[in-house]
Amino acid sequence: MEQKYIPKASLKAWLGKVRDDGRRLYAPVTENGKTSFRRVKSADEISMEHVQTAQSAKGVAFPRTERLFSYVRQPDGDVTLQDYDPSAIPDTVVFGLRPCDAAALKPLSGIFGWDTEDKPFSERMRRVVFVGVSCSRCDAFCFCTSVGGHPGSAEGSDILLTVVGDGEGYLAEIVTDRGRALVEKGGDLFESATGISKEDYLAEVPVRFSVEEVQRKMAGAFEGDIWKSQSARCLGCGACAFVCPACACFDIQENARGSGAGDRIRCWDSCGFSLFTLHTSGHNPRSTQSQRWRQRLLHKFCYMPQRLSVRGCTGCGRCSRACPVDMNLAEHLGEFEHL
Amino acid sequence: MADNIYLPHPVTIEKVTQEAPGVRTLRLKFKDEEVARTFEFKAGQFGEYSAFGEGESTFCIASSPTRKGYIECTFREAGKVTSALAKLEEGQTMGFRGPYGNTFPLDEWKGKSLLFVAGGIALPPMRCVIWNALDTRSNFKDISILYGAKSVADLVYKHELREWEERPDVNLLTTVDPGGETPGWKGQVGFVPAVLEKMNPTAENTVAIVCGPPVMIKFTFPVLDKLGFKPENIYTTLENRMKCGVGKCGRCNVGSKYVCKDGPVFSRAQLEALPAEY
Ligand SMILES: Cc1cc2nc3c(=O)[nH]c(=O)nc-3n(C[C@H](O)[C@H](O)[C@H](O)COP(=O)(O)OP(=O)(O)OC[C@H]3O[C@@H](n4cnc5c(N)ncnc54)[C@H](O)[C@@H]3O)c2cc1C
Ligand code: SF4
Ligand code: SF4
Ligand code: FES
């Protein structure tokens, strides 16, 4: 993989050039003590002090709510439809996503791309360039190395930056042609990089369990009691799904604007919600929280590997950080290993 | 560029039939002539029906693929979208996207006898297969239909029931729950599983297709066991809640199977291999 070096002092100039042709730039911004991806005008607004942003960058490709099409009903009962318009999607650069977020683009693409193509997702993905930044620190919730990831993994990024030296610059690994085009925009700002090894600058994330063993045990535990004991305190609030970079479940709803016009929209949903599978008759195939917890884990660690050849978890640890009752995914997964 | 899989086809309501209290059949015609000409589906498939302004609902296609030029759905007024669809009148526009899901393996059933067992509003998915089989009658041996509803008023497709009754090549048995009969009722009185046992159909070279509320299915399977039907010769459909219909929204799965992609048609043998999440 081709490597370049860019001094920290040149980053602002490069990101300025990146925005030159009207591209939108999304990057981590700290507001009220919380770091999230925001649209920024200048590199000065960016903050990279965090281990992990509160929300992942997935909203750029799979927004929290998205219009699927619009309709206008005429007084005579006729209806005209206005299709989803991909030309309205802005070209975007996402700067500063961690390798676990970039890795989550693969399970997302798996779900939205298998069998039939999901146009809103694929059209957005076509217009985004992802600039990842490796992790030099981790916390107790991180477990990327337990699920096939790595704090310096370039998978999913178009360019991967790693802070090197005493923090005075970045090693830039050019992963895709889209990434190369973005580096070329920087011209001389990028220098040649020789003799720099990113491995010296990465966080050490301990391997917390054998994921193969966990998956094997989990697949055979459908009727077991472990789901009940693990989920006894789960509130079904859905926070874990809303912060997850790999969760893709959605609802389809009507956003009626009155006077017969409106939009069909989709919005994030969670398999942890009690209404998720509720039939109109009142019957619910997953009526208890333990059944819904089982679905969450089996979907990510058994069904997705089986159907899409990719896991639905990259070990970012967000679900554990966000959970109001301290459910810790890495610990819960570890329990399966010893079943 | 790929099509937008969430964009429905506008369809015109050609005909509304009030089947039973709260149950209607809509005959729909595609507005786009190209779509009307090329649209194809197979028995067992379903679609997402739009009431613009209210949302979408999942119904099977209740008409037979052998009847060209239109599709039909039969639905019970149950909640938000179905109530809105029930208010629409002939000539008005709604939306349809589909067909989705797998199909009844009619080709594999060639040369066999078919036994249909349906309860309540579950006749629609079966009506599609029944007409498909009747329109290709020479492919099959005996065709028997056992259909039960709560009361005489709740029987749907009354006109077609009469037609099937009069056909010499169909053996139709209708039944209503005890207390649901009217003075002039000539059919059976009793719950579907009990009537099935009395009917005593042969399992030999026969496929049983069972659709109905979960409790009916639960008590019908053991009767079929007793009659000698093997799990691989019993078919049913699942109705897990759906949104996308195309394997993305994540809510219709039973274990690793998506009802919207791998179903809604399952043999009992296939169901037995799945966790009981339906
Ligand atoms: C494969 C399949 C085939 C089927 N075939 C048939 C058939 O042939 N005939 C038939 O009658 N039924 C059939 N059903 C069942 C049918 O889909 C449901 O009965 C129907 O969708 C109920 O819709 P509703 O809008 O009336 O119900 P509601 O309970 O009102 O829900 C409809 C949707 O509206 C939204 N909604 C409703 N209320 C609210 C609220 N308060 N807040 C937010 N959102 C809300 C929900 O998102 C919900 O998904 C089938 C189901 C499946 C899965
Ligand atoms: S399940 Fe939890 S740890 Fe895994 S990717 Fe989602 S939020 Fe991150
Ligand atoms: S965040 Fe915690 S309490 Fe909320 S649904 Fe997830 S596991 Fe349950
Ligand atoms: S209905 Fe959305 S996944 Fe099956």
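Keep in mind it's a predicted model, so treat the numbers as computed, not measured.

Concerning the environment of Gly255 of chain B
Reasoning step 1: Inspection of the secondary structure assignment puts Gly255 of chain B in the loop between β13 (253–254) and β14 (257–258).
Reasoning step 2: Expressed as a C-alpha distance, the spacing of Gly255 of chain B and Tyr278 of chain B, which sit 23 residues apart in the sequence, is 9.8 Å.
Reasoning step 3: Setting aside chain neighbours within four positions, we find Gly255 of chain B in contact with Tyr303 of chain A together with Pro275 and Glu277 of chain B.

Focus: the interface of chain A and chain B
When the parts come together, some accessible area is lost, and that loss is often what is quoted as the size of the interface.
Reasoning step 1: Counting from both sides, the interface comprises 48 residues of chain A and, opposite them, 44 residues of chain B.
Reasoning step 2: Buried area between chain A and chain B, summed over both chains or domains, comes out near 3800 Å², and the portion from carbon and sulfur atoms is 52%.
Reasoning step 3: Between chain A and chain B we count seven salt bridges in total.
Reasoning step 4: Here Asp78 of chain A and Lys31 of chain B are joined by a salt bridge, their closest N and O atoms 2.4 Å apart.

Quick notes on the site of ligand 2
Reasoning step 1: Within the structure, ligand 2 sits among 13 residues, and Cys244, Cys313, Cys316, Gly317 and Cys319 of chain A are positioned closest to it.
Reasoning step 2: Those elements that provide at least two residues to the shell around ligand 2 are α9 (289–308) and α10 (318–322) of chain A.

What about the site of ligand 3?
All names here are of chain A.
Reasoning step 1: Taken together, Cys234, Leu235, Gly236, Cys237, Gly238, Ala239, Cys240, Cys323, Pro324, Val325 and Met327 make up the full set of residues adjacent to ligand 3.
Reasoning step 2: When atom positions are compared with the pocket grids, ligand 3 is found to occupy the largest cavity.
Reasoning step 3: Residues of the shell around ligand 3, tallied by class, amount to nine nonpolar, two polar and no charged.

Description of empty space enclosed by the protein
Residue and element names in this part refer to chain A.
Reasoning step 1: One pass over the full model with this rule turns up five cavities of 30 Å³ or more.
Reasoning step 2: In this model, the largest cavity occupies a volume close to 210 Å³.
Reasoning step 3: Surrounding the largest cavity, 21 residues form its lining, Cys234, Cys240, Trp293, Arg296 and Met327 being those nearest its centre.
Reasoning step 4: Within the residue set of the lining of the largest cavity, elements represented by two or more residues are α8 (239–243) and α9.
Reasoning step 5: When the residues that make up the lining of the largest cavity are grouped by side-chain class, the tally is 13 nonpolar, six polar and two charged.

A short note on the layout of surface pockets
All names here are of chain A.
Reasoning step 1: One number sums up the size of the second largest pocket: a volume of about 470 Å³.
Reasoning step 2: Secondary-structure elements contributing two or more residues to the lining of the second largest pocket are α1 (8–19) and β8 (159–164).
Reasoning step 3: With three residues, α1 is the single largest residue contributor to the lining of the second largest pocket.
Reasoning step 4: Within the lining of the second largest pocket, the residues separate by chemical class into 12 nonpolar, five polar and six charged.

Topic: the pairing of strand β4 (residues 65–73) of chain A
All names here are of chain A.
Reasoning step 1: Bridging between β4 and strand β12 (residues 261–268) involves seven bridges; their strand directions are antiparallel. By the bridge assignment, Glu66 is partnered in β12 with Arg266.
Reasoning step 2: Here β4 pairs with strand β5 (residues 79–83) via five bridges, running antiparallel. When the bridges of β5 are listed, Phe69 appears paired with Asp83.
Reasoning step 3: Connecting β4 to the antiparallel partner β5 that follows it, the hairpin turn spans five residues, and Gly77 within it adopts a positive phi of roughly 95°.

Quick look at the environment of Asp158 of chain A
Residue and element names in this part refer to chain A.
Reasoning step 1: Relative to the helices and strands, Asp158 resides in the loop between β7 (128–133) and β8.
Reasoning step 2: Placed 24 residues apart in sequence, Asp158 and Leu182 show a C-alpha to C-alpha distance of 9.1 Å.
Reasoning step 3: Within the structure, the side chain of Asp158 is placed 2.7 Å from the backbone nitrogen of Phe130, a separation counted as a polar contact.

Section: helix α5 (residues 177–185) of chain A
Residues and elements named next belong to chain A.
Reasoning step 1: What α5 keeps buried is the set Gly179, Leu182 and Val183. The arc enclosing the buried residues of α5, seen along the axis, measures out at 100°, which places them on a common side. For α5, exposure combined with an orientation more than 90 degrees from the buried face picks out Asp177 and Glu184.
Reasoning step 2: The elements touched by buried residues of α5 are α1, β6 (92–97), β7, β8 and β9 (169–174).

With respect to the domain arrangement of chain B
Residue and element names in this part refer to chain B.
Reasoning step 1: When cut into domains, chain B gives domain 1 (9–100) and domain 2 (113–237).
Reasoning step 2: Of the residues lining the interface, 20 residues belong to domain 1; the matching set on domain 2 comes to 15 residues.
Reasoning step 3: Contact with domain 2 buries area across many residues of domain 1, yet Glu19, Ala62 and Arg67 alone supply 30% of it, more than any other trio.
Reasoning step 4: Between Glu72 and Arg127 there is a salt bridge, with the nearest N and O atoms lying 2.7 Å from each other.
Reasoning step 5: Take the side of domain 1 that touches domain 2: its biggest share by element is four residues, from strand β5 (residues 71–76).
Reasoning step 6: Taken together, the residues of the side of domain 1 that touches domain 2 sort by class into 10 nonpolar, six polar and four charged.

The rules we used
Residues numbered from 1 in each chain as written. Chains lettered and ligands numbered in written order. Predicted model: local features only at pLDDT ≥ 70, side-chain atom pairs only at ≥ 80, totals over all residues. Heavy atoms only, no water. Helix = DSSP H or I, 4+ residues; strand = E, 2+ residues; numbered from the N terminus. Contact = heavy atoms within 4.5 Å. Buried area = accessible area lost by both parts, 1.4 Å probe. Salt bridge = Lys/Arg side-chain N within 4 Å of Asp/Glu carboxyl O. Near = heavy atom within 4 Å. 1 Å grid on protein atoms, 1.4 Å probe; cavity = no way out; pocket = protein on both sides within 12 Å on 5 of 7 lines; lining within 4 Å. Sits in = over half its atoms within 2 Å of the grid points. Nonpolar A, V, L, I, M, F, W, Y, C, P; charged D, E, K, R; others polar. Points joined across faces, edges and corners; volume = space filled by probe spheres on them. Pairing = 2+ DSSP bridges. Polar contact = N/O pair within 3.5 Å; in protein donor to acceptor, adjacent residues only side chain to side chain. Buried < 20%, exposed > 50% of the residue type's maximum accessible area, 1.4 Å probe, protein only. Arc of directions from axis to C-beta. Domains from an automatic or database assignment.

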